[in-house]
Amino acid sequence: MTTRIIGTGSALPEEVITNDDMAKIVDTSDEWISSRTGIRQRKLVGRDENVVTLGTEAARKALEDSGTAPEEIDLVLTATSSSEVYFPNVACQIQGNLHLTNAVAMDVSAACSGFLFVLHIAHAYIQSGVYRKILLVGAETLSRLIDWEDRTTCVLFGDGAGACVVEAQETGIIDAVLHSDGGMGHVLTGSAAALVTPKSEALAAHPLHMDGQAVFKFAVKKVPECIQELLERNQVEADDVKWYLLHQANKRIIQSVAKRMHQPEEKFPVNLEYYGNTSAASIPILLDEMYHSGQIKRGDRCILSGFGAGLTWGAALLDW
Ligand code: COA
């Protein structure tokens, strides 16, 4: 038995902040942001929205899409690094909202790699026979964590949530790999103290801090390496993978990975121009869009790969 994604959903806030809007907040321009990152706009949560409201909406859609009744879910895993409350955890709140009465619920913190981490954990549970149907949610509101006076980071991120229902089936995940390097943790850090403080005070609370060039170098080296590791140990050629679905942080990172893999950019779909970097939500949002637009089809061989703070990174090889 392996793990198959049987339904997807996503939820994005209404409010759109374009690059021109960002230029009214910090000293930047549409030209700088779009040429360095590919990002043209991002969506930000309003006062009454948070990781739980977004995550619940995405999860509800994934349940409907997969035809799963609430009581069928055995486990809820939420990947998030931007909840404004420590407990109850986000997964328990989503469980309560959706009446997933038979589920165990827990959060996983692995920043932008979070979706790959929850997918890997779900796969291990399914392979071991402990659980059969699992709800995976990536939900983030990094707009509440960033320093809105730091132009080097605030232009990069957006809010959103994506979800998948996975179940034990004959086909699906072929193999998956995760890595962590705590020794490099200092290049990308975020403080929870900033989440609930007003913008002015949040600056003193040491919010998100990033060495952008170090993160860029890490991503363009480690992502191709771990994809290659996965392909080699499963004797799959890079050419035989139809889609490379990468964490949507920066278009230049994605283009660089495509080049290093000697693969055409068309195999690396991008939607970050609309949402910015939505951290753990970016891969499930992309999956939802690709699946429901008919681009990704049953049987398509895919690589998913995420990378982010920790440092953490990973990849999964699967037949959709
Ligand atoms: N608008 C205008 N100018 C900006 C700017 C902004 N938003 N942010 C930085 N700059 C300026 C810098 O101050 C610097 O000016 P200087 O040369 O006068 O000192 C100049 O642009 C170049 O800065 P630099 O940091 O060298 O730019 P870069 O080419 O490395 O691009 C990133 C910066 C952040 C876009 C890039 O490093 C990156 O994408 N890194 C990966 C980040 C990421 O994806 N993180 C999440 C991972 S999950």
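See above for the structure.
Residues numbered from 1 in each chain as written. Predicted model: local features only at pLDDT ≥ 70, side-chain atom pairs only at ≥ 80, totals over all residues. Heavy atoms only, no water.

Some remarks on the nonpolar core
Operational definition: Here, nonpolar core refers to any group of buried Ala, Val, Leu, Ile, Met, Phe, Trp, Tyr and Cys residues whose side-chain atoms link them within 4.5 Å. Under the scheme applied here, a residue whose accessible area is under 20% of the maximum for its type counts as buried, over 50% as exposed, and between as partly exposed, the area being computed with a 1.4 Å probe on protein chains only. Only DSSP runs of H or I reaching four residues or more are called helices, and only runs of E reaching two or more are called strands; each is numbered from the N terminus. Working rule for contacts: check all heavy atoms of both residues, and any pair within 4.5 Å makes them a contact.
Formed by 50 residues in total, the largest nonpolar core has its most connected members in Ile 227, Leu 231 and Tyr 244. The set of elements that each furnish at least two residues to this core consists of α8 (212-233), β11 (243-246), α9 (251-260), β12 (301-308) and β13 (312-319). When residues in this core are grouped by element, the largest group, 10 residues, is from α8. Excluding residues that lie within four positions of it along the chain, Leu 231 makes contacts with Val 236, Ala 238, Val 241, Tyr 244, Met 261, Ile 303 and Leu 317. Formed by 34 residues, the second largest nonpolar core is a distinct cluster that contains Phe 115, Ile 283, Ile 296 and Cys 302.

Considering unusual backbone geometry
Cis peptide bonds are those with omega within 30 degrees of zero, and the linkage from Phe 87 to Pro 88 qualifies with 0°. Summarising the element assignment, Pro 88 is placed in the loop between β4 (75-79) and α4 (90-98). For the bond from Gly 310 to Leu 311, the omega torsion is -5°, close enough to zero to count as cis. With respect to the helices and strands, the residue Leu 311 is situated in the loop between β12 and β13.

Some thoughts on the sheet that holds strand β8 (residues 173-180)
Going by this rule: DSSP-based pairing: two strands are paired if at least 2 bridges between them are found. Note on geometry: axes are C-alpha line fits, over the in-contact stretch for helices, and angles between N-to-C directions span 0 to 180 degrees.
Strands sit in the order β8-β13-β12-β11 across an open sheet of 4 strands; the sheet is mixed. Each of the sheet's edge strands pairs with one partner strand only, and the pair in question is β8 and β11. For this sheet the average axis-to-axis angle between neighbouring strands, irrespective of direction, equals 10°. Strand contacts of helix α11 (residues 282-292): β11 and β12, with the helix running at about 140° to β11, the strand carrying the most contacts.

Some words on the pattern of salt bridges
If charged atoms from side chains of opposite charge come close, those side chains can pair. To keep it simple, the criterion reads: Any carboxyl oxygen of Asp or Glu within 4 Å of a side-chain nitrogen of Lys or Arg constitutes a salt bridge here.
If you walk through the whole model with that rule in mind, you get 12 salt bridges. Arg 151 is the partner of Asp 27 in a salt bridge, and the nearest nitrogen-oxygen pair spans 3.7 Å. On the criterion of sequence distance, the pair formed by Asp 27 in the loop between α1 (19-25) and α2 (30-37) and Arg 151 in helix α6 (residues 151-154) is long-range, its members being 124 residues apart. Its relative accessible area of 61% is what places Asp 27 among the exposed residues. Its relative accessible area of 46% is what places Arg 151 among the partly exposed residues. A salt bridge links Glu 229 to Arg 233; the shortest N-O distance between them is 3.7 Å.

Concerning the site of the ligand
Test applied: Only heavy atoms are used to decide nearness, and a residue is near a molecule or strand if one of them lies within 4 Å of it. Under this definition, polar contacts are N or O atom pairs within 3.5 Å; protein pairs additionally need one hydrogen-donor-capable and one acceptor-capable atom, and for neighbouring residues in sequence, both atoms have to be side-chain atoms. Shrake-Rupley sampling with a 1.4 Å probe provides the accessible areas, and residues are treated as covered by the protein chains on show and by no other component.
Around the ligand sit 21 residues, and of these Thr 28, Arg 36, Arg 151, Gln 213 and Asn 250 come closest. Contact between the ligand and Gly 212: a nitrogen atom at 2.9 Å from a main-chain N or O atom of the residue. Between an oxygen atom of the ligand and a side-chain N or O atom of Asn 250, the distance comes to 2.6 Å. In isolation the ligand offers 950 Å² of accessible surface; the protein chains occlude 73% of this area. Of all the secondary-structure elements, those providing two or more residues to the shell around the ligand are α2, α6, α8 and β12.

Focus on the packing of α8 against α9
To be explicit about the condition: For this classification, under 35 degrees means roughly parallel, over 145 means roughly antiparallel, 65 to 115 means roughly perpendicular, and everything else is oblique. It is the rotation of the near helix from the far one that decides the hand of a crossing: anticlockwise by less than a right angle makes it left-handed, clockwise makes it right-handed. Residue polarity is assigned by list, with Asp, Glu, Lys and Arg as charged and Ala, Val, Leu, Ile, Met, Phe, Trp, Tyr, Cys and Pro as nonpolar; anything else, Gly included, falls into the polar class.
α9 packs onto α8 with a crossing angle of 40° between their chain directions and a minimal axis gap of 9 Å. Put simply, α8 runs oblique to α9. In terms of crossing hand, the pair formed by α8 and α9 is right-handed. Only Arg 252, Ile 253, Ser 256, Val 257 and Arg 260 of α9 make contact with α8, whose side of the interface consists of Phe 216, Ala 219, Val 220, Lys 221, Val 223, Pro 224 and Ile 227. Residue composition of the contact of α8 with α9, grouped by class: 8 nonpolar, 1 polar and 3 charged.

Brief notes about α9
Buried residues of α9: Ile 253, Ile 254, Ser 256, Val 257 and Ala 258, and no others. Capping the start of α9 is the job of one residue whose side-chain oxygen sits 2.6 Å from the backbone nitrogen of Arg 252: Asn 250. Two residues or fewer past α9, His 262 is found with a positive phi of approximately 55°.

Concerning the pairing of β11
Taking every second residue as pointing to the same face, both faces of β11 are buried, with Trp 243 and Leu 245 on one and Tyr 244 and Leu 246 on the other. Across 4 bridges, the pairing between β11 and β12 is parallel. Paired with Leu 245 across the two strands is Leu 304, which belongs to β12.

Observations regarding the packing of helix α3 (residues 51-66) against α4
Two numbers describe how α3 lies on α4: the axes approach to 9 Å, and their chain directions differ by 55°. When the axes of α3 and α4 are compared, the pair comes out oblique. By crossing handedness, the relation of α3 to α4 is classed as right-handed. Touching Val 51, Val 52, Gly 55, Thr 56, Ala 59, Arg 60 and Leu 63 of α3 are Val 90, Gln 93, Ile 94, Asn 97 and Leu 98, all from α4. Tallied by class, residues from the contact of α3 with α4 come to 7 nonpolar, 4 polar and 1 charged.

Section: the sheet that holds β4
Here 5 strands make up an open sheet; going across it, the order is β1-β7-β6-β4-β5 and the pairing mixed. Two strands bound the open sheet, and with one partner strand each, they are β1 (2-11) and β5 (104-108). Strand-to-strand twist in this sheet, taken as the mean axis angle between neighbours without regard to direction, amounts to 20°. Relative to β5, β4 runs parallel, the two being bridged by 5 bridges. Each bridged residue has a counterpart across the sheet, and for Leu 75 the counterpart in β5 is Val 104. In the packing of helix α5 (residues 114-128) onto the sheet, contacts are made with β1, β4, β5, β6 (133-141) and β7 (159-169), and the angle to β4 comes to roughly 160°. Docked against the sheet, α11 engages β1, β6 and β7, running at close to 90° with respect to β1.

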